[in-house]
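Secondary and tertiary structure notes
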Amino acid sequence: MYSRVYVEITNICNLRCSFCHGHSRTPAQMSREDFCVVLSRLEGQTRYLYYHLMGEPLLHPLLPEFLQMAAEKGFRSVITTNGTLLEKRGEAVLAAGVHKVSVSLHSFEAGQEDVHRNYLEQVCAFGEKAQKAGTILSMRLWNRGADGGRNDFTEAFLRQRLPGDWAENTRGYRIRDKVFLEYGDRFGWPDMENPEQSGKVNCYGMQDHFGILSDGTVVPCCLDSQGSISLGNVFRQPLEEILTADRAENIRKGLAEGIAPEDLCRRCPYAAKEK
């Protein structure tokens, strides 16, 4: 069983963040029928669904319904969002029983201060509601080394707005029960235009996770934004057939041994860096 599967319910986003690789695929979102198929295919494969590869999941009009459908099947749902729609859609998401919401606070690293402050206030207000609902909130600053000095402003605002334990851990801080601030380095995305990386790679693709794009394409890695490594399509093939095919097995074996098995893997700065 995989620890998680990334399900891209939409590849459409309302922002163009500097840290995001983006994609050139046709804009798309899963229908109710599509999502039903995905859920049926994933039964027995994982307990955790992560609602992104590309795209902003809160843009999908059926997101609360999808969360309820997943919960009825025994899945736990994790959303990664830029947070701009939490004021509008956050309560519906919480009511649907989402397990965890991760907010990429670095989406506003280049924003004007007053806009940034209003954004952080909205995220904090959602965080208080999430805690009451029993939902985990992880606020992410995955931009160390490229934040332009805004991380200090962000943390100072959060410390004032969300008083709590602020207990330091290996990733950042546990602010209070179920509310966290998490730091990380800016990372590079795999791209066929990148130079080949040398040495061993460190990637858990096809070992503890894989992804399903909005058109049903199965990819071995949560960073394959273009669907460059297509293993098959869940709308046309049994998932077991896709995951046990020679290409998938070769990727799984290669990455387990620290060997980049595909051209895209050899051009992935994230897999090549030490973690």
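Higher on the page you've got the structure.
Each value, and the rule that gives it
- Residues numbered from 1 in each chain as written.
- Predicted model: local features only at pLDDT ≥ 70, side-chain atom pairs only at ≥ 80, totals over all residues.
- Heavy atoms only, no water.
- Buried < 20%, exposed > 50% of the residue type's maximum accessible area, 1.4 Å probe, protein only.
- Helix = DSSP H or I, 4+ residues; strand = E, 2+ residues; numbered from the N terminus.
- Pairing = 2+ DSSP bridges.
- Right-handed = clockwise from strand over helix to strand, strands pointing away.
- 1 Å grid on protein atoms, 1.4 Å probe; cavity = no way out; pocket = protein on both sides within 12 Å on 5 of 7 lines; lining within 4 Å.
- Points joined across faces, edges and corners; volume = space filled by probe spheres on them.
- Nonpolar A, V, L, I, M, F, W, Y, C, P; charged D, E, K, R; others polar.
- Contact = heavy atoms within 4.5 Å.
- Phe/Tyr/Trp six-rings, centres within 6.5 Å; stacked < 30°, edge-to-face > 60°.
- Lys NZ or Arg CZ within 6 Å of the ring centre and 35° of its normal.
- Core = buried A, V, L, I, M, F, W, Y, C linked by side-chain atoms within 4.5 Å.
- Axes fitted to C-alpha atoms, helices over the stretch in contact; angles between N-to-C directions.
- Parallel < 35°, antiparallel > 145°, perpendicular 65-115°, else oblique.
- Left-handed = near helix turned anticlockwise from the far one by under 90°.

Topic: the pairing of strand 4 (residues 100-104)
Summarising burial for strand 4: 4 of the 5 residues are buried, a large majority. One ladder, built from 4 bridges, connects strand 3 (residues 76-81) with strand 4; its direction is parallel. In the sheet register, Ile-79 faces strand 4, and the bridge partner there is Val-101. As a crossover connection, the stretch from strand 3 through helix 3 (residues 86-95) into strand 4 is right-handed. The pairing of strand 4 with strand 5 (residues 136-144) spans 5 bridges and is classified as parallel. Within the sheet, the bridge partner assigned to Ser-102 lies in strand 5 and is Ser-138.

Considering empty space enclosed by the protein
Per the counting criterion, the structure on display carries 1 cavity of 30 Å³ or more. In this structure, the largest cavity spans a volume of roughly 120 Å³. Along its surface, the largest cavity is lined by 15 residues, and Cys-203, Cys-221, Leu-264, Cys-265 and Cys-268 are the ones closest to its centre. Of the residues contributing to the lining of the largest cavity, the split by class is 13 nonpolar, 1 polar and 1 charged.

A closer look at helix 7 (residues 246-256)
Within the sequence span of helix 7, burial applies to Ala-248, Ile-251, Arg-252, Gly-254 and Leu-255. Looking at the buried positions of helix 7, the neighbouring elements they touch are helix 6 (239-243). At the exit of helix 7 stands Gly-258, carrying a positive phi of roughly 80 degrees.

Observations concerning the packing of aromatic side chains
On inspection of all chains with the given rule, the structure shows 7 aromatic pairs. Between Phe-35 and Tyr-51, the ring centres sit 6.0 Å apart and the planes meet at 40 degrees, which makes this aromatic pair tilted. Linking Phe-35 in helix 1 (residues 32-42) with Tyr-51 in the loop between strand 2 (48-50) and helix 2 (63-72), this pair joins segments that are 16 residues apart in sequence. Accessibility assignment for this pair places Phe-35 and Tyr-51 in one class, buried. Aromatic rings pair up to connect Phe-35, Tyr-51 and Phe-66 into one cluster. When the ring centre of Tyr-50 is taken as reference, the NZ or CZ atom of Arg-4 above it lies at 6.0 Å. A cation over an aromatic ring shows up here: Arg-159 above the ring of Tyr-173, its NZ or CZ 4.9 Å from the ring centre.

Digging into the nonpolar core
By size, the foremost hydrophobic cluster in this structure holds 68 residues, and its most contacted members are Leu-42, Tyr-51, Leu-105, Met-139, Leu-181 and Phe-210. For this core, the element with the most residues is helix 4 (residues 113-133), which contributes 6 residues. Counting residues in each nonpolar core, the second largest holds 6 residues, with Tyr-6, Tyr-50, Leu-53 and Val-78 among its members.

Some thoughts on the packing of helix 4 against helix 5 (residues 150-161)
At a closest axis distance of 11 Å, the pairing of helix 4 and helix 5 adopts a crossing angle of 40 degrees. Judged by the angle between their axes, helix 4 and helix 5 are oblique. Judged by the twist between their axes, the crossing of helix 4 over helix 5 is right-handed. Judged by residue contacts, Glu-113, His-116, Arg-117, Leu-120, Glu-121, Cys-124, Ala-125 and Glu-128 of helix 4 engage Arg-150, Phe-153, Thr-154, Phe-157, Leu-158 and Arg-161 from helix 5. In terms of residue class, the contact of helix 4 with helix 5 is made up of 6 nonpolar, 2 polar and 6 charged.

Read these as layout, nothing more, since geometry by itself doesn't imply function.
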